[in-house]
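This is what each chain is made of:
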Amino acid sequence: MSTSLNHLAFVFPGQGSQAVGMLDAWGDHAAVRETLAEASEALGEDIARLIAEGPKESLDLTTNTQPVMLTAGVACWRAWLAETGLKPAAVAGHSLGEYSALVAAGALTLRDALPLVRFRAQAMQDAVPVGVGGMAAILGLDVDAVKAGCAQAAAESGQAVEAVNFNDPKQTVIAGSKAGVEKACEVLKAAGAKRALSLPVSAPFHSSLMKPAAERLREKLAGTVFAAPQIAVVNNIDVAVVSDVDAIRDALYRQAFGPVRWVESIQALKARGLTHVIECGPGKVLSGMVKRIDAELTSATVYDPASLADARALLV
């Protein structure tokens, strides 16, 4: 029997945390094995083999990364439930991770979510050809300065560039055309950014250049079955909890070309009285962000049996 903990939140990572062999440590864990089988059946290909063996180049293709990270996040979630029976009071996901959060909350089945995120990935890639768009992480500059620098770069270059991921108080990701991002990096370094790191991504996610992809996604969302979430889901685009299925669809549509408001999302979880935030899925990216956003929050990870045991011990 599951028990809900009113001080616990789970968050799910998006693209960038994938790695070949990322579920190997689970061995033959029933929940993980069954999730991989379900994913492979839903997509008509051997997802378990792709995750276990790669190659990395295939895993890093957006059309593979999105369904693979969804599968991995849900596998870790199901392993947690199988081992502990403990449900969080709220969930959230970073970008693609919002789909994992919706599956965890019962708003979307994994079987329906997988073809949806693959379609999302393909639509995003189709909207801006590889090499035309870009993204960069700006470190050591506050949000307002990053926004101002992007506006200046866009005006001077005539190219699109925007702040799109508000990851922590001193890390903001920008996206747009390749030339626009390059110009913004120059402007922002001159404005005092410690670093401006070009990201190895194939499209300018969450920027206005993704609007054509979002329009295609909206049609796909309309034909996908959603249910009211059984756990509160804090969404990226509005930092809001919505239970109406049409409102969920609309938020996912707007999320495709709108910013990921992650700092505010974590603050919203804390405002609900949540004190423990567990990152569920491969990597430790979000748990690091949580610490930088609010040091008072206790963060942990669940990506293998050892981290699951450590996270569980925090809740005792």
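Look a little higher up for the structure.
Note that the structure is a prediction, hence the values are computed from the model and not measured.

Participant: Explanation requested: the nonpolar core in the structure shown.
Facilitator: Nonpolar side chains tend to gather and get buried jointly when the protein is soluble and globular. Core analysis: the biggest nonpolar cluster contains 70 residues, and Phe 10, Leu 23, Leu 70, Trp 80, Tyr 99 and Ile 278 have the highest contact counts within it. In terms of residue count, the dominant contributor to this core is helix H4 (residues 62-84) (10 residues). In this structure Tyr 99 touches Leu 70, Leu 108, Leu 116, Val 117, Arg 120, Leu 217, Leu 252 and Gln 255, once residues within four positions along its chain are discounted.

Participant: I tried to follow the environment of Ala 256 on my own but got confused; where do I start?
Facilitator: Among the secondary structure elements, Ala 256 is positioned in the loop between helix H10 (245-255) and helix H11 (262-271). Sequence separation of Ala 256 and Pro 13 is 243 residues, and the distance between their C-alpha atoms is 16 Å. Residues contacting Ala 256, with those up to four places away along its chain left out, are Met 124, His 206, Ser 207, Met 210, Ala 214 and Leu 217.

Participant: Explanation requested: the environment of Met 22 in the structure shown.
Facilitator: Mapped onto the elements, Met 22 comes out in the loop between strand E1 (3-12) and helix H1 (30-43). Placed 47 residues apart in sequence, Met 22 and Met 69 show a C-alpha to C-alpha distance of 9.8 Å.

Participant: Could you clarify how one ought to interpret the packing of aromatic side chains in this entry?
Facilitator: Between two aromatic rings, the relevant description is the distance of the centres plus the angle of the planes. Enumeration over the complete set of coordinates arrives at four aromatic pairs. Relative to Trp 77, the ring of Phe 10 lies with its centre 5.4 Å away and its plane at 80 degrees, an arrangement referred to as edge-to-face. In this pair, Phe 10 sits in strand E1 while Trp 77 sits in helix H4, placing the two residues 67 residues apart along the sequence. In this structure Trp 77 comes out as buried when scored by relative accessible area, which is 5%. Between Tyr 253 and Phe 257, the ring centres sit 5.3 Å apart and the planes meet at 65 degrees, which makes this aromatic pair edge-to-face. For Phe 257, a relative accessible area of 22% corresponds to the partly exposed category.

Participant: Can you help me understand the sheet that holds strand E8 (residues 276-280) in this one?
Facilitator: Backbone-to-backbone hydrogen bonds join strands into a sheet, with any given pair of strands oriented parallel or antiparallel. With parallel pairing, the five strands of this open sheet are ordered in space as E7-E2-E1-E8-E9. The two strands at the open ends of the sheet, each matched to only one other strand, are strand E7 (232-233) and strand E9 (298-302). Alignment of strand E2 (residues 86-93) against E7, held across two bridges, turns out to be parallel. Each bridged residue has a counterpart across the sheet, and for Ala 90 the counterpart in E7 is Ala 232. Helix H12 (residues 285-293) rests against E1, E8 and E9 of the sheet, and its axis sits at about 180 degrees to E9.

What counts as what
- Residues numbered from 1 in each chain as written.
- Predicted model: local features only at pLDDT ≥ 70, side-chain atom pairs only at ≥ 80, totals over all residues.
- Heavy atoms only, no water.
- Core = buried A, V, L, I, M, F, W, Y, C linked by side-chain atoms within 4.5 Å.
- Buried < 20%, exposed > 50% of the residue type's maximum accessible area, 1.4 Å probe, protein only.
- Helix = DSSP H or I, 4+ residues; strand = E, 2+ residues; numbered from the N terminus.
- Contact = heavy atoms within 4.5 Å.
- Phe/Tyr/Trp six-rings, centres within 6.5 Å; stacked < 30°, edge-to-face > 60°.
- Pairing = 2+ DSSP bridges.
- Axes fitted to C-alpha atoms, helices over the stretch in contact; angles between N-to-C directions.

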